[in-house]
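# Structural overview
Listed below, chain by chain, are the residues.
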Amino acid sequence: MVQIPKTSAPPQPAQRSVPTSADVARLAGVSRATVSYVLNNTSAVRISEPTRRRVHRAAEELGYVPHAAARSLRAGHSRMVLMPAPDVPVGPLYSQFFNELQWALSRLEYTVVQYGGLGLRGDEAARAWAELRPVAVLAPGGGLGPRGVSVLKRSGARAVVTIGPERIEGAHALLMDHQEVGRGVGVHLLARGYRRVGVLVPEDPGLEIFSRPRLEGVRQALAGTDATLTEVPLAFDEKAAADLAGRWRSLGLDAVFAYNDEFAMLLMRALQDEGIGIPGEAAVVGADDLMLGRLLRPRLSTVHLQLPSGRELAELVDRAVREPAGEPEAHAVLGAEVVHRESS
């Protein structure tokens, strides 16, 4: 019988204690209150610059970071701003806007958390967001209703800001009128002499919040004229674009508003591969004014969109957090200007 010798367990490394603000205060030679004022960027108390540097050096040396939960308890609310991640591709323009917004909020000492609850909509989504107890929620797109806003506020959210085409009761609103985008394109095509206008509508249902108003805007611009409008569905896929280009001449269109620059570039390549001249046989207009559109040949006509600055929106969030009983604000924030280039 073979005996397995007993071996003692390897010694565990000594567990280092978590550094506290008291440790930082001792190392920096200041009070714990001073540490709190410095690391929380409190503006109500004046702290000399040498003292601030000493506290920051001590905190860095010890590896100390403030405890977010404890800070929230002292303040009576968190500093978390929740941004639900869009469940559809929003493109480079909106990605840049959201990145700028996150930076501006961080400068105001908020922690921005993106919530990726794919498939959650309306009140169900609001309940999921509320579980995290954010101090503010920035909800892009549609789906959130008055009941969802109420759920968020009862859970402690001081500010709910919607970014979309209409106001929601109880929430601040950044209103984006995408009909104006379509109207501008319709007016532009009419002025250039086009009368058989197609409007490309993405097949992704998540994009309807943008595509349907843009379609309606073109329809409004063409109303009462001799121009016709044809709705043209298209998936964002090379094969789908090639199939559409193969039957393009049967549609009898002389111009198309391709929803945005990315769809416009997809369609232009397919049309050119099919031997269809642009703008000779088909004028093409996009939207978003991406740099790539200026590099195409022919250069892409587009709609330049003017979004609010991240700093302005961050200031709105901060103001709403500090004054939760204030009247909800509404701001029209989407400017649209057609940029005529060679493709139309």
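Everything that follows concerns the structure shown earlier in this document.
Residues numbered from 1 in each chain as written. Predicted model: local features only at pLDDT ≥ 70, side-chain atom pairs only at ≥ 80, totals over all residues. Heavy atoms only, no water.

## Points about helix α10 (residues 238-246)
Where α10 is concerned, the buried positions are Ala-241, Leu-244 and Ala-245. Across the axial projection of α10, the buried residues extend over an arc of 100 degrees, all falling on one side. When the buried face of α10 is taken as reference, the exposed residues oriented beyond 90 degrees from it are Lys-239 and Gly-246. (Buried < 20%, exposed > 50% of the residue type's maximum accessible area, 1.4 Å probe, protein only. Helix = DSSP H or I, 4+ residues; strand = E, 2+ residues; numbered from the N terminus. Arc of directions from axis to C-beta.)

## Quick word on a nonpolar patch on the surface
Residues Met-291, Leu-292 and Leu-295 make up a contiguous nonpolar surface patch of roughly 330 Å² in combined accessible area. By the secondary structure assignment, Leu-292 is in helix α13 (residues 291-295). (Patch = residues over 30% accessible without salt bridge, like charges linked within 9 Å, V, L, I, M, F, W, Y side chains within 5 Å. Areas by Shrake-Rupley, 256 points an atom, 1.4 Å probe, with all protein chains shown as cover. Salt bridge = Lys/Arg side-chain N within 4 Å of Asp/Glu carboxyl O.)

## Observations concerning the sheet that holds strand β2 (residues 111-115)
Strand order in the open sheet formed by six strands is β2-β1-β3-β4-β5-β11, with parallel pairing between adjacent strands. Across the chains shown, the open sheet's two edge strands, defined by having one partner strand only, are β2 and β11 (330-332). Strand-to-strand twist across the sheet, computed as the mean angle between neighbouring axes with direction ignored, equals 15 degrees. Of the pairings in the sheet, the one linking strand β1 (residues 80-84) to β2 comprises five bridges and is parallel in character. (Pairing = 2+ DSSP bridges. Axes fitted to C-alpha atoms, helices over the stretch in contact; angles between N-to-C directions.)

## Thoughts on the packing of α10 against helix α12 (residues 261-273)
Closest axis-to-axis distance for the α10/α12 pair is 8 Å, and the angle between their directions is 50 degrees. On the basis of their axis angle, the class for α10 and α12 is oblique. As for how α10 packs across α12, the hand of that crossing is right-handed. Contacts between α10 and α12 involve Glu-238, Ala-241, Ala-242, Leu-244 and Ala-245 on the former and, on the latter, Leu-266, Leu-267, Ala-270 and Leu-271. (Parallel < 35°, antiparallel > 145°, perpendicular 65-115°, else oblique. Left-handed = near helix turned anticlockwise from the far one by under 90°. Contact = heavy atoms within 4.5 Å.)

## Observations regarding the nonpolar core
In terms of nonpolar packing, the biggest core is built from 73 residues, with Leu-105, Trp-248, Leu-271, Val-284, Leu-313 and Val-317 touching the most fellow members. Here this core gets eight residues from one element, more than from any other, and that element is α12. Look past the residues within four positions of Leu-105 in its chain and what remains in contact with it is Val-81, Tyr-110, Val-112, Leu-138, Ala-314 and Val-317. Among the nonpolar cores identified, the runner-up in size contains 15 residues, and Ala-126, Ala-130, Val-160 and Ile-168 belong to it. (Core = buried A, V, L, I, M, F, W, Y, C linked by side-chain atoms within 4.5 Å.)

## Overview of the pattern of salt bridges
Charged atoms that come close allow side chains of opposite charge to pair. What the rule picks out here adds up to 16 salt bridges. Here Arg-196 ties to Asp-254 by a salt bridge, and the two come within 3.9 Å at their closest N and O atoms. One end of the pair, Arg-196, is in strand β6 (residues 196-202); the other, Asp-254, is in the loop between α11 (248-251) and β8 (255-257), and 58 residues separate them in sequence. Of the residues examined, Arg-196 reaches a relative accessible area of 43% and is grouped as partly exposed. Since its relative accessible area comes to 12%, Asp-254 is described here as buried. As a salt-bridge pair, Arg-341 and Asp-289 come within 3.0 Å of each other at their nearest N and O atoms. Of this pair, Arg-341 sits in the segment after β12 (335-339) while Asp-289 is found in the loop between β9 (283-285) and α13, placing the two residues 52 residues apart along the sequence. Residue Arg-341 shares its accessibility class with Asp-289, and that shared class is buried. Salt bridges sharing common partners tie together Asp-177, Glu-180 and Arg-183.

## Digging into the side chain of Asp-289
The exposure class assigned to Asp-289 is buried, which follows from its relative accessible area of 16%. Side chain to side chain, Asp-289 and Arg-294 meet in a polar contact 3.4 Å long. (Polar contact = N/O pair within 3.5 Å; in protein donor to acceptor, adjacent residues only side chain to side chain.)

## Brief notes about the sheet that holds β6
Neighbouring strands of a sheet are bound in pairs by backbone hydrogen bonds; such pairs are parallel or else antiparallel. Strand order in the open sheet formed by four strands is β7-β6-β8-β9, and the pairing between neighbours is parallel. Looking at the sheet topology across the chains shown, the edges are occupied by β7 (228-234) and β9. The average undirected angle you get between the axes of adjacent strands in this sheet is 25 degrees. Pairing analysis gives three bridges linking β6 to β8, with the strands arranged parallel. By the bridge assignment for β8, Val-199 is matched with Phe-257. Across the sheet, α12 touches β6, β7, β8 and β9, and the angle it forms with β9 is around 160 degrees.

Purely geometric stuff here, so don't read any function into it on its own.
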